[in-house]
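Listed below, chain by chain, are the residues.
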Amino acid sequence: NILLLGTDERTTRFNTNARSDSMILLSIHTRNHTVKLVSFERGTGVPILEGEYRGQYDWLTHCFRYGGADLMLKEIRYCFNVDVDHYVRVNFTSFEKGIDLVGGVDVHMDATEMVYFQNAYKFPAVEGMNHLNGKLALNYARLREIDSDWVRIQRQREVIFSAFSQLRKMSLPEADQLINNLIPLVRTNLTEETITQLLLLLPKLPNAEFQQMTIPAKGTYGAMTGMGGRGLFAVDFQKN
């Protein structure tokens, strides 16, 4: 289990005054050959587990600002009872560069998305599959103006799925070189040994089944007010 964090810095540097606007749990099951992607809605109300605001409730995305990746891992473990100790963090710049390193991604656009990309970015999008470079993939993964944040996080998973599909087509030497180029772009607590073990799994996952979902699930949350009067999703953590 690896928590994928996308923080909102618009510079090449990572900083502590950031929010994790994208939070996706990646679970690789080697025995049954499945790869699972579970997104956590950024507005999920969670109890802050440590620090100055301990005991108060706020958006899950804000917890990164209160305690970084370590606190995010604690929040996911505590609230959702899932065993996760590892994380990989990207920001806008490293996301773009990472997508370019894997050769871009293929995503499916509906008619509304197609028109949006044609008008906003002068990109010759078509209804159906489109190949996006890093900059366009970032814009796609951030897009919520035409619908909602709930749809945006589905787009984020589609980009990750496509990038992973590119990665598992590579030979081991190619994947090894790619990983060496990617590591300086991210922040992670994965050791080199663990990264090597993950790399060796790739040949075993050429036809892996992908499963995905968003948390909180439909019908398992209400509304509440948290810090600063912010509206939060009041989640039934046990059901989720």
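The sections below set out a description of the structure shown in this document. (Residues numbered from 1 in each chain as written. Predicted model: local features only at pLDDT ≥ 70, side-chain atom pairs only at ≥ 80, totals over all residues. Heavy atoms only, no water.)

**Considering the side chain of Asn-139**
Here Asn-139 shows up in helix 4 (residues 134-142). The exposure class of Asn-139 is buried, given its relative accessible area of 16%. Among residues more than four places away in sequence, those in contact with Asn-139 are Phe-117 and Tyr-121. (Helix = DSSP H or I, 4+ residues; strand = E, 2+ residues; numbered from the N terminus. Buried < 20%, exposed > 50% of the residue type's maximum accessible area, 1.4 Å probe, protein only. Contact = heavy atoms within 4.5 Å.)

**With respect to the packing of helix 3 (residues 111-121) against helix 4**
Running from N to C, helix 3 and helix 4 point in directions that differ by 125°, and their axes come no closer than 12 Å. By the angle class used here, helix 3 and helix 4 are oblique. Both helix 3 and helix 4 take part in a crossing whose hand is right-handed. Contacts between helix 3 and helix 4 involve Glu-113, Phe-117 and Tyr-121 from the first element and Leu-136, Asn-139 and Tyr-140 from the second. The residue makeup of the contact of helix 3 with helix 4, split by class, is four nonpolar, one polar and one charged. (Axes fitted to C-alpha atoms, helices over the stretch in contact; angles between N-to-C directions. Parallel < 35°, antiparallel > 145°, perpendicular 65-115°, else oblique. Left-handed = near helix turned anticlockwise from the far one by under 90°. Nonpolar A, V, L, I, M, F, W, Y, C, P; charged D, E, K, R; others polar.)

**Side note on the packing of aromatic side chains**
Per the stated rule, a full pass over the model turns up 12 aromatic pairs. For the ring pair Phe-117 and Tyr-140, a centre distance of 6.2 Å and an interplane angle of 50° mean the geometry is tilted. Highlighted residues: Phe-117 in helix 3 and Tyr-140 in helix 4, separated in sequence by 23 residues. Look at Tyr-140 and you get buried, because its relative accessible area is 1%. Between Trp-150 and Tyr-221 the ring centres are 5.5 Å apart and the planes differ by 20°, which places this aromatic pair in the stacked class. Pair noted here: Trp-150 is in helix 5 (residues 149-167) and Tyr-221 is in strand 11 (residues 221-225), with a separation of 71 residues, a long-range link. Judged by its relative accessible area of 23%, Trp-150 is partly exposed. (Phe/Tyr/Trp six-rings, centres within 6.5 Å; stacked < 30°, edge-to-face > 60°.)

**Regarding the environment of Asp-149**
Note that Asp-149 resides in helix 5. A sequence separation of 59 residues divides Asp-149 from Val-90, and the C-alpha atoms of the two residues are 19 Å apart. Polar contacts involving the side chain of Asp-149 include one to the side chain of Arg-152, which spans 2.7 Å. (Polar contact = N/O pair within 3.5 Å; in protein donor to acceptor, adjacent residues only side chain to side chain.)

**Some remarks on the environment of Arg-89**
Turning to its location among the elements, Arg-89 is positioned in strand 6 (residues 86-90). By relative accessible area, which is 9% here, Arg-89 ends up buried. It is 5.8 Å that separates the C-alpha atoms of Arg-89 and Gly-6, two residues lying 83 residues apart in sequence. If we ignore the near neighbours within four places in the chain, the residues touching Arg-89 are Leu-5, Thr-7, Glu-9, Phe-14, Asn-15, Ala-18, Phe-64, Val-186 and Arg-187. For Arg-89, the side chain forms a polar contact with the side chain of Glu-9, separated by 2.3 Å. Among the polar contacts made by the side chain of Arg-89, one reaches the main-chain carbonyl oxygen of Asn-15 at a distance of 2.9 Å.

What is shown is where atoms sit, not what they do.
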